[in-house]
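Residues per chain are reported as follows:
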Amino acid sequence: MDFDFTQEQLLLQDSVHKFLERNYDFDTRREIVAARQGFGPMAWQGLASLGLLGVNVPESHGGFGGGGVETMVVMEAFGRHLVVEPWVASAVMGTSCIVTAGTDDQRNYLLPLMASGEMKLACAFLEPGGRYDLSRVATTARLEDGFWHISGSKAVVVHGAVADLLIVSARTAGQPGDAEGISLFFVNPGEEGVEGREFPLYDGTRAVEAGFHDVRVSSDSLIGVQDQGLPLVELVVDRAIAALCAEAVGCMQALVERTAEYLKTRQQFGVPIGRFQALQHRMVDVLMHTEQARSMAMLAALRVGSPDVAQRRKAVSAAKELIGRAGRFVGQQAIQLHGGMGMTEELDVGHYVKRLQAIDTQFGDADWHLDRFVAAEAAAPLPDFSRPRSKWKKL
């Protein structure tokens with residue numbers, strides 16, 4: 001398998017890094033977080049002018065026409081710079097919903113606006129008490145007089161406050177926990193009956209607890225096939241997880257670089273502490289965890305577009321599990337090797353650690369994905385051992 005980037009992917013990587021180095025340093029990021037807007041308008045327009053908002057938009061609709069690897073390239077750079085913009089919510093999840101299941105009218109209208117930065121989307125899939133179970137949907141939608149009436153509540157809608165349009169999962173049949181009976185709808189957050197409470201997450205991003213009280217939306221707000229929305233939700237969330245895995249790798253790489261530089265400059269007993277063998281061994285362990293995480297993020301990026309659902313699910317869960325544990329190890333080591341100053345608000349090391357912790361819990365923590373991987377592996381057919389031994393190649 002060839003893991004080398006193509007020329008176009010290398011150019012994308014170079015342009016993203018150069019833009020962020022010039023326009024998104026740690027002080028700029030801190031100002032954006034302090035403004036409590038949930039994103040930086042100038043930074044968002046810069047990403048749009050660079051074409052990054054259309055990475056997953058087909059070329060026929062004004063986008064880049066990329067996939068999992070292109071998303072990985074962008075998100076790894078975002079992780080290095082702690083970008084808080086709603087790129088995953090809109091340019092990955094929202095775009096994936098529309099490209100995969102949207103009607104021609106929905107694609108023609110929304111995708112160019114999203115690629116230009118004029119419209120931001122957020123996905124409201126999780127519900128109170130549902131934890132990470134995407135089928136645990138109690139929000140209901142009923143069709144009456146040609147309109148859908150949506151009622152219910154959604155939990156932790158990341159970047160929901162800055163979204164111009166929400167994609168809401170609602171139950172049109174069955175009971176919470178059923179695989180069938182879930183449908184997806186576009187909902188304007190300005191519609192009567194939509195309310196929400198915005199709050200900050202500890203990593204600098206912002207989310208919304210959203211409520212829907214008999215919200216009326218038109219019949220053409222339905223996305224995809226009625227009652228068959230769960231496979232689409234799972235696909236979109238898997239793509240978001242693959243993107244977050246790449247972001248975590250970027251965070252870990254930044255921690256490796258900053259910690260190594262600190263060990264070269266911090267002196268004890270008249271020599272840099274990086275000369276102490278015990279600390280060198282710890283840095284080797286940190287680097288090994290980071291490189292393992294990079295390999296798994298690449299695997300998830302390559303498999304997230306697979307038509308084989310079981311293969312996609314296993315690759316994404318394996319990556320999320322390993323990267324969750326690797327991120328915890330790398331973050332803890334970076335804090336300890338920096339000493340007391342690693343815990344200060346002024347140093348960016350602690351902010352990287354917070355982001356890694358948030359990534360671990362988003363869309364399922366390491367333990368949850370380990371269970372999902374085991375379940376997917378148990379459901380897979382066993383290899384065929386029935387062929388005669390005489391045909392086996394001798395080692």
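Below you will find a few notes about this structure. Note that residues are indexed from 1 along each chain, following the sequence as it is written. Where local features are concerned, this predicted model is filtered to residues with pLDDT of at least 70; where side-chain atom pairs are given and counted, the filter is 80 or more; whole-chain, interface and lining totals use all residues. The side-chain quantities take in all heavy atoms of the structure and omit both hydrogens and water.

## Some words on the nonpolar core
Move 1: As used here, the term nonpolar core means buried Ala, Val, Leu, Ile, Met, Phe, Trp, Tyr and Cys residues forming a set that is joined through side-chain atoms within 4.5 Å. Per-residue accessibility, obtained with a 1.4 Å probe over protein chains only, is compared with the maximum for each type, and a residue is labelled buried under 20%, exposed over 50%, and partly exposed between these values. Counting residues in each nonpolar core, the largest one holds 97 residues, and the members touching the most others are Phe 78, Trp 87, Met 93, Phe 125, Ile 167 and Ile 323.
Move 2: Numbering of helices and strands runs from the N terminus; a helix is a DSSP stretch of H or I covering at least four residues, while a strand is a stretch of E covering at least two. At 21 residues, helix H7 (residues 230-265) tops the list of elements feeding residues into this core.
Move 3: Sequence-distant contacts of Ile 167, that is, excluding residues within four places in its chain, are made with Gly 94, Cys 97, Leu 121, Ala 122, Cys 123, Ala 124, Phe 125, Leu 184, Phe 185, Phe 186 and Ile 223.
Move 4: Among the nonpolar cores identified, the runner-up in size contains 19 residues, and Ala 124, Trp 148, Val 168 and Ala 210 belong to it. What makes two residues a contact is simply this: any of their non-hydrogen atoms within 4.5 Å.

## Quick word on the pattern of salt bridges
Move 1: The term salt bridge refers to a side-chain nitrogen of Lys or Arg lying within 4 Å of a carboxyl oxygen of Asp or Glu. The tally for this structure, following the rule as stated, stands at 24 salt bridges.
Move 2: Residue Asp 238 is joined to Arg 372 by a salt bridge in which the shortest nitrogen-to-oxygen separation is 3.1 Å. Residue Asp 238 is located in helix H7, and its partner Arg 372 is located in helix H11 (residues 366-379); the two are separated by 134 residues in the primary sequence.
Move 3: By relative accessible area, which is 1% here, Asp 238 ends up buried.
Move 4: Between Lys 314 and Glu 377 there is a salt bridge, with the nearest N and O atoms lying 3.1 Å from each other. Of this pair, Lys 314 sits in helix H9 (residues 309-338) while Glu 377 sits in helix H11; the two residues are 63 residues apart in sequence, bridging distant segments of the chain.
Move 5: Taking the relative accessible area as the measure of exposure, Glu 377 reaches 42% and is therefore partly exposed.
Move 6: The network of salt bridges with shared partners includes Glu 76, Glu 291 and Arg 294.

## Some remarks on the pairing of strand E1 (residues 121-124)
Move 1: Burial along E1 is two-sided: Leu 121 and Cys 123 facing one way and Ala 122 and Ala 124 facing the other are all buried.
Move 2: Strands pair, by our definition, only if DSSP identifies at least two bridges between them. The pairing of E1 with strand E4 (residues 165-171) spans four bridges and is parallel. Bridging from a neighbouring strand, Cys 123 pairs with Ile 167 of E4.

## What about the packing of aromatic side chains?
Move 1: Note on ring pairs: Phe, Tyr and Trp rings are taken, using the six-membered ring of Trp, and paired if centres are within 6.5 Å. Classes follow the plane angle, with under 30 degrees stacked, over 60 edge-to-face and the rest tilted. Enumeration over the complete set of coordinates arrives at four aromatic pairs.
Move 2: Arranged with centres 6.4 Å apart and planes meeting at 85°, the rings of Phe 39 and Trp 44 form a pair that is edge-to-face. Assigned by exposure class, Phe 39 and Trp 44 land together as buried.
Move 3: Taking the centre distance of 5.6 Å and the plane angle of 80° together, the rings of Phe 78 and Trp 87 count as edge-to-face.
Move 4: Take Phe 78: its relative accessible area is 2%, and that puts it in the buried class.
Move 5: Overall, the relative accessible area of 0% leaves Trp 87 in the buried class.

Structural measurements only, silent on function.
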